[in-house]
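Structural features, examined
Residue-level listing of the chains:
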Amino acid sequence: MRIEIDQSALVSGIVATVRRHPVGAFLVWFFTIGQAIAFIPLIAKWTTGTGLPTEPFLLAATAVGLVLPTITITWVVDGEAGLKALLRRAVRLWFPARWYAFAVLGVPFTLVTIWAAVAGPPEQVGGSGAAMALAAGFVLQLVVVFVTFNLWEELAWMGFVQARLQERHGAIRAAVLTGPAFALGHISQVIDDSVATTLVTLTLLVAVCIPFRALQALVYNRTDSLVPVALVHAAANAIAAGSLL
């Protein structure tokens, strides 16, 4: 018995579903295709013991799992005009200078202050060591992660997912809804040999990501640009991942 599939009807059905549920379609794409790419180094480690660098796969997961569905679904749902509007927000550099200062100076100062209050001041606070930490551990990290990851992450998470959710639910509810998905999107980076450690880390990450997404909504709604949103993201990552701390 031969079953014939009407391809045009199938495509029309998929397009109709995507138009009805754009955020859901994005999440399905990201948590299947995107995460499959991000998990390749872990799968290689678990199955063959091979150590693969994670960065190329994270870059590929960002491009294929985040940017591609964002552009595709925006074009399907909002057309060419909607896609152009989204991309304009991704390159809009003209907004009040205080938001540049907040991202590049305010976020690092706040995080370093919290870190110092919890862990105590660093052993070396001056001289060439501090200068190297500032240059390599923050400035370089800030530029690199902004260009390679964070602008594209925020194109998807803030520009597409969270912006759409806040149109329906408001800024705070959108942050609460986006935060857990955003946190789970980093699971390949926090997974550990210990299940308990992984669960604790994920729980803490979700707890941090919800107010972080609320902060990102504030920046986005005040500037109508994804550039300062990505700078805040990059500054936080540079402080956490760089050598400054």
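Cut-offs and rules
Residues numbered from 1 in each chain as written. Predicted model: local features only at pLDDT ≥ 70, side-chain atom pairs only at ≥ 80, totals over all residues. Heavy atoms only, no water. Helix = DSSP H or I, 4+ residues; strand = E, 2+ residues; numbered from the N terminus. Buried < 20%, exposed > 50% of the residue type's maximum accessible area, 1.4 Å probe, protein only. Areas by Shrake-Rupley, 256 points an atom, 1.4 Å probe, with all protein chains shown as cover. Phe/Tyr/Trp six-rings, centres within 6.5 Å; stacked < 30°, edge-to-face > 60°. Axes fitted to C-alpha atoms, helices over the stretch in contact; angles between N-to-C directions. Parallel < 35°, antiparallel > 145°, perpendicular 65-115°, else oblique. Left-handed = near helix turned anticlockwise from the far one by under 90°. Contact = heavy atoms within 4.5 Å. Nonpolar A, V, L, I, M, F, W, Y, C, P; charged D, E, K, R; others polar.

1. As for the overall build of the protein
Counting its regular elements, the protein contains 10 helices and 0 strands. Counting from the amino terminus, the protein carries its helices and strands in the arrangement α-α-α-α-α-α-α-α-α-α. For the protein, with 245 residues in total, the buried portion stands at 38%. Counting only carbon and sulfur atoms, one obtains 70% of the accessible surface of the protein, whose full area is about 13800 Å².

2. Details of the packing of aromatic side chains
Applying the stated rule across the entire model yields 9 aromatic pairs. Ring geometry for Phe26 and Phe160: centres 5.5 Å apart, planes at 40°, overall tilted. Taken together, the residues span a long stretch of sequence, with Phe26 in helix H2 (residues 22–38) and Phe160 in helix H6 (residues 127–169) at a distance of 134 residues. Accessibility assignment for this pair places Phe26 and Phe160 in one class, buried. Where Phe30 meets Trp157, the ring centres are 5.5 Å apart and the plane angle is 90°; that geometry is what we call edge-to-face. Highlighted residues: Phe30 in helix H2 and Trp157 in helix H6, separated in sequence by 127 residues.

3. Describing unusual backbone geometry
Glycine aside, the phi torsion of most residues is negative, and most peptide linkages are trans. The backbone phi angle of Asp224 is positive, close to 55°, even though this residue is not glycine. By the element assignment, Asp224 lies in the loop between helix H9 (195–223) and helix H10 (227–241). Residue classification places Asp224 among the partly exposed residues on the basis of a relative accessible area of 36%.

4. Some details on the packing of helix H7 (residues 171–184) against H9
Orientation of H7 relative to H9, taken along the N-to-C sense of each, is 135°, at an axis distance of 7 Å. As judged from the angle between their axes, H7 and H9 are oblique. When you trace H7 past H9, the crossing you get is right-handed. Along the contact surface, H7 presents Ala171, Ala175, Val176, Thr178, Gly179, Pro180, Phe182, Ala183 and Leu184, while H9 presents Leu202, Leu205, Val206, Cys209, Ile210, Phe212, Arg213, Ala214, Ala217 and Asn221. Residue composition of the contact of H7 with H9, grouped by class: 15 nonpolar, 3 polar and 1 charged.

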